[in-house]
Structure formats: C-alpha cells, structure tokens
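So the chains spell out like this:
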Amino acid sequence: MRMGIIVLGLIALLGCSSVNGDTEWWQTMSLYQIYPRSWKDSDGDGIGDLQGIESKLEHLVDAGVDAFWISPIYPSPMADFGYDISDFMDIDPIFGTLDDFDNLVATAKSLGLKVVMDFVPNHSSDEHEWFINSMASVDPYTDYYIWKNGTVLENGTITPPNNWVSVFGGSAWTWNNQRQAYYLHQFAEEQPDLNYWNEEVVAAMKEVLVFWLDRGVDGFRVDAIPHLFEDSTFPDEPLTGDTDDPTDYGYVEHDYTKHLQETYDMVQQWREVLDNYTENSDGVPRIMMAEAYANTSMTMKYYDYGAHFPFNFNLISNVDGSSTAAEIKESALDEWLNNVPDNATSNWVIGNHDKSRVATRYSPEQVDALNIINLLLPGVSVTYYGEEIGMEDQWISYEDTVDPQGCNQDEDTYESYSRDPARTPMQWDATTSAGFSTNESTWLPVNTNYLTLNLAAQVAADTSHYKVYQALTALRKEAVIQEGSVNVQLINNNVFAFMREHSGSVPVMVVANMANNSETVSLEVFDNAADTLLVSIASVDSSLTEGSEVSKTSLEISALSALVLRSGAEALISSGIIILFVTALAYFHH
Ligand code: NOJ
Ligand code: MG
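Rules and cut-offs
- Residues numbered from 1 in each chain as written.
- Chains lettered and ligands numbered in written order.
- Predicted model: local features only at pLDDT ≥ 70, side-chain atom pairs only at ≥ 80, totals over all residues.
- Heavy atoms only, no water.
- Salt bridge = Lys/Arg side-chain N within 4 Å of Asp/Glu carboxyl O.
- Helix = DSSP H or I, 4+ residues; strand = E, 2+ residues; numbered from the N terminus.
- Buried < 20%, exposed > 50% of the residue type's maximum accessible area, 1.4 Å probe, protein only.
- Near = heavy atom within 4 Å.
- Polar contact = N/O pair within 3.5 Å; in protein donor to acceptor, adjacent residues only side chain to side chain.
- Areas by Shrake-Rupley, 256 points an atom, 1.4 Å probe, with all protein chains shown as cover.
- Nonpolar A, V, L, I, M, F, W, Y, C, P; charged D, E, K, R; others polar.
- Donors = N, O, S within 2.8 Å, 3.2 Å for Na, K, Ca; no water.
- Pairing = 2+ DSSP bridges.
- Patch = residues over 30% accessible without salt bridge, like charges linked within 9 Å, V, L, I, M, F, W, Y side chains within 5 Å.
- Lys, Arg positive; Asp, Glu negative; His and termini not counted.
- Charge placed at Lys NZ, Arg CZ, Asp CG, Glu CD.
- Domains from an automatic or database assignment.
- Contact = heavy atoms within 4.5 Å.
- Buried area = accessible area lost by both parts, 1.4 Å probe.

Let us now look at the pattern of salt bridges. Counting across every chain of the model gives 15 salt bridges. One salt bridge connects Asp66 with Lys477, and the closest N-O pair in it is separated by 3.1 Å. Residue Asp66 is found in the loop between α3 (57-63) and β2 (67-70), and its partner Lys477 is found in the loop between α15 (465-475) and α16 (479-482); the two are separated by 411 residues along the sequence. For Asp66, a relative accessible area of 21% puts it in the partly exposed group. For Lys477, a relative accessible area of 42% puts it in the partly exposed group. In this structure, the salt-bridge partner of Asp80 is Arg419, at a minimum N-O distance of 3.0 Å. Taken together, the positions of Asp80 in the loop between β2 and α4 (98-110) and Arg419 in the loop between α13 (404-407) and α14 (455-460) put the pair 339 residues apart, joining distant regions of the chain. Classification of Asp80 as buried rests on a relative accessible area of 5%.

So this is what it looks like as structure tokens:
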C-alpha cells in the first residue's frame, strides 16, 4: 500500500517535477499584451476601456496567463492611439479614471496576475503642457524638447536643419510658428521628441516611473527605446541608396538618431530606479522590458544595461510563413539562443499591435505551431491578444484607416503601412460586435469572421486553438519548460525540432513542419528520447491527436503543423522504478 503510494507519487513527480524556486516571477511568465482600445468596451462607446479589461481578467486566468502589459491608457489626443501622451500621470477619460485603474490592479492582484504598464519615454504629445510651455519658451520647459533653427536658403525660404526622416515618413522636423524654430519628432509630428540631454527631463521621467510603481504596477514595457537620444551636433544621416524617396524612413541610415550609447546608459538609470523601489519595499522585482527593433548585438546589449530583457522579435522580423524550417531555425531560434548572454532570460514574441497577426503573417494553419514554439522555448512567452484563438488581420478600406502610419500614405500604398488590420476588437463570442461592445459600430470594424472565429466557440469545441493554448500554458508550469535545457535540431529543410530536458522530468520534444505537405521524419538525433513517444499536444489540423503513440524513427507530421511529444507511460514507469529503487534503498538504510 505504502509502496503503491510512493510509486504513484514518483510518477506524478516525474511528470511534473517541481520547479526549484530560484527563478523570479517574471523569468517563467507567460505574458499577454492587451491593446486597450480593442479588448473590451464596458460603456458601449465602441472603444475598449479599463472597466472592460477588469471584467474580462478571468479570461487570462483561464488561458493560463501570468502577467499582462497594456498599451498606453494615459490622456492622449490619440494621434497615435495613445502613444502621443499629454499627461504621463493620469488616465484618458476614454479608458476611465485613476480609480478604475486602481480597481483593475487590485482585481488583477487578487487573481494572481501581474500588471505591466507601457512607458513611452521618447516623446510626448504636442498637447502636453510641457510642449505648450516649451513652444512659448517658458522655463524650465524651454529645452524639454529638441528645437533647432532651420536652414535659410538663398531665396529666403527656410528648410529643416538636416535630412533626418520620421519613422512614419516625411521630415523628422516640423516648423513651429510660435517658437520660430523646428522641433524634432522621430514619429508623428504630434509626438515631439523629449530632450534627454536635459537633466530635468531625465528626472521628470523617473518620477513617472515611481508614480505608477506607487500605484502597484509590476513593471514596464518601454517604448521605442533606440530613439531616445540623437546626436546633438545634428549631422546629416548617410543615404542608404535603397530608395529615391526622401520621405521614406529607409531613405537614410539612422547613425545619429538611433542606438546611441547614452540611450543604453539611460536604460541603466531606469533599472536603478526599479531596483531601489524593490529594495525599499517588498523585495519583489519590478521589471523592465525593452522594445527595440535592432540587430542582434544591439538588442542583446540591453541585457548588459539593465533591461530584464529586450523583446526578441526574431520570429516577427527575420522570418514569416514563406520561410523554410531551416531559415526559421537559423535566423530566429539559433540567432537568439546562440547570442543571448549566459544566465539571461530569453523571450519570444510572435505578434504585437505594430505587426500583422500570426494567421496572416504566417498562415491560419500555422497558428498552433507558432504558439507551440513561442510557449515551449526557454524563457518568457509573449502573446498579443487574440493570438490564443488565432485571430486574423481584417482588411480595412483607405477611408476607414485611422493609423497615422497608414494615413501618411496614399490609397495605393497604405496597406503595407497601416497597422489597423491587426488591431480589430477581440472576438469573444458570436453576439453583437463579437461581444466586444454592445455598440454595433466600433472604433475599428470587427473582423467579418467573428461568427465562427471567437473564444466562446473555441471553448465549446473539443479541439481548438484555444484548447491548444491552454494545454501549452499548463505545460509551461512544469520544471522541464521553466528550467530545462534546449536542443534545437534541423530534421530536414522543412522540419525542425527541439527537445527540452531537465533532470527528474520527462523530456518534452517539439516537432514543427513548416511545409505545405506532410513529412515523415526520424527524431533519432535526440538520443535521450524514448523509442515510442506519445503526442501530448497537436495542431488542430494535425492527423495525430493527443494520446496517439508514435515511433521516434518514423513519424508522420501533417502540413504546417507542430506536435509536442513526450515519452510514453513505459518510459515513465521504468525511470520511476529506478528512482523508487534508490529511494527505497535510502528508506530501508535509514
Ligand atoms: C512603438 C509602438 O509600439 C508603436 O505603436 C508606436 O507608434 C511607436 N512606438 C511610437 O510610440
Ligand atoms: Mg528621441
């Protein structure tokens, strides 16, 4: 009897060997991004809000998510939908009030969810009182922004001081009549860049961090970091030669406006603010995640300068649905894993509010494969809202386009720039506006596929993207995923696989077929895997389902699908018996 209990206990232990507890909360989290305008509308105005978010937090718990970050909810004229902030220390009435925010944080905490704010340090709105005072040269705000006289041509006209281009297209300089000077904006003209050479700006932005820490937030996603500092001698950027269009961001290199060393030093200073806060309060780390589109070495450098992690955009920027398994392994997985510093926490991002959705950038069939890869590789997984159910981009007409990056273009080109298609309302169910709002008209149209593609339908279905997602977040709680090693192998040009191992745990193997045809492969490269494997999670369109037994040396994997495999019960019991034997020896010896 006692033996039986020990055997059962050991088998349970093996399947789910305990995590060692040395990791901090954020290192193993499954993180979810909420785009607040589009998640849940509580008051029927067609735009999401804080009470809406609070009312749906149970969904995150149900999905197995540990933490969420929210795109900006601060007062904003919404020229860039919240990334143009007119008060860093308040809430926009569209989203609610500071009380609503406090309630949201309290409810999140009661559900065990961590809350991460979006900190947007590079720029404010042109309606921020700092900018209003700066235009009027009122101290101490006169030098809060980057002001520069224009170049006066022979014919008397004034042109921008240099050739710097804005990320959203057009000159990065806009003339201001009141101040009789140009101001710099690396994004929209309604987003003047703050002057980080000014110590008062640096101090003011640190106060912003403390303000939100005091309200109970667990950390920050930091926006557009590479753009913080610009060369203060304002040289022309070198031309790339890639395009003849001087209004295109790709017209010039960004040697003088991006990735300056002072930018990294600033990140280090913010880390000190967070660490001081932790030390002087409860000892729980407050985290900083850096948003930086940069090459690998520039990205990894943020680890050395205090970021808990810089987002890993490899699966967004380096590869897509047209990539082979070989390319994905090399340019996304190996590129990260071979360069991440020792002891640093990795992370994986497959979508956000700036990029096409996975179902569109890859294909609807690859939604599960991407979630499987994202959630089972080492470190933090980041899920953009709606990816847990495989939402797709919604085509939006030029007339209905609201994103400045799209509106800056003409009717022929806007589609490759607009970010609206990936920002449509969350598809909760098949009722009015997909259950997002009681209003039939929403700020961006609901995807036309919502009657069939929605959370409620996927909860009710036996197999669905959501069920796969839930199985993955559950598996992430095991030590083998939280702490295990990773070994990535290319099986053939279309198929890659990786194995996660941890002593005392049943290994986990992931096999992904990126081709449009099924492939039969052998996984014998993984010596430690048992000869017979069990499918524990499978893409919804896979011919194999949970519980299917497969052979390690001849495994058929369906087109565009991925499988999560573990050793069968036999292997579990035999390794269980060895441990049992050792335990029994120790017991009787005692
Ligand atoms: C990056 C954000 O993700 C994007 O949405 C925004 O437009 C720019 N930064 C400017 O804040
Ligand atoms: Mg800047």
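The next subject is the site of ligand 1. Around ligand 1, 13 residues are found, and the nearest of them are Asp80, His123, Asp223, His353 and Asp354. Note that an oxygen atom of ligand 1 is positioned 3.0 Å from one of the side-chain N or O atoms of Arg221. Here an oxygen atom of ligand 1 and a side-chain polar atom of Arg419 are 3.0 Å apart. For ligand 1, whose accessible area on its own is 290 Å², the fraction buried by protein is 97%. The residue inventory of the shell around ligand 1, partitioned by class, reads 4 nonpolar, 2 polar and 7 charged.

Glancing now at the coordination of the magnesium ion (ligand 2). For the magnesium ion (ligand 2), every protein donor is listed as Asn122 (OD1), Asp193 (OD), His227 (O), Leu228 (O) and Glu230 (OE), and the spread of their distances is 2.1 to 2.7 Å. As a motif over one chain, the donors of the magnesium ion (ligand 2) read N-x70-D-x33-H-L-x1-E. In this pair, Asn122 sits in the loop between β3 (114-119) and α5 (129-135) while Glu230 sits in the loop between β9 (219-222) and α7 (261-279), placing the two residues 108 residues apart along the sequence. Comparing Asn122 with Glu230, the two get one shared label, buried.

The next subject is the sheet that holds strand β7 (residues 173-176). Pairing is antiparallel across the open sheet formed by 3 strands, whose spatial order is β4-β8-β7. Both outer strands of the open sheet, β4 (147-148) and β7, are each paired with one neighbouring strand and no more.

A contiguous patch of negative charge on the surface is contributed by Glu399, Asp400, Asp410, Glu411 and Asp412. The exposure class of Glu411 is partly exposed, given its relative accessible area of 49%.

Bringing the domain arrangement of the chain into the picture now. The domains assigned to the chain are domain 1 (26-122 + 201-234 + 256-460) and domain 2 (123-193 + 235-255). With centres defined by C-alpha atoms, the gap from domain 1 to domain 2 works out at 27 Å. Listed per partner, the contact involves 31 residues of domain 1 and 31 residues of domain 2. Interface of domain 1 and domain 2: buried area, both sides summed, is about 2,600 Å²; carbon and sulfur atoms make up 60% of it. Area buried by domain 1 at its contact with domain 2 is led by Asn122, Phe234 and Tyr256, which between them contribute 30% of it. Taken together, domain 1 and domain 2 are joined by 0 salt bridges. Across the domain 1-domain 2 interface, the total number found is 18 residue pairs in polar contact (both at pLDDT 80 or more). Of all the secondary structure elements, the ones that give two or more residues to the side of domain 1 that touches domain 2 are α6 (199-214) and α13. No other element matches the 3 residues that α6 contributes to the side of domain 1 that touches domain 2. Looking at side-chain class alone, the side of domain 1 that touches domain 2 contains 16 nonpolar, 7 polar and 8 charged residues.

Within the secondary structure, Arg271 is located in helix α7. Of note is the side chain of Arg271, whose polar atom sits 2.7 Å from the backbone oxygen of Gly306. Residues within four places of Arg271 in sequence aside, it is in contact with Met288, Gly306, Ala307 and His308.

In this fold, Ser71 is placed in the loop between β2 and α4. There is a polar contact of 3.1 Å between the side chain of Ser71 and the side chain of Gln33. Ignoring sequence-local partners within four residues, the contact set of Ser71 consists of Gln33, Ile34, Tyr35, Pro36, Tyr83, Asp118 and His353.

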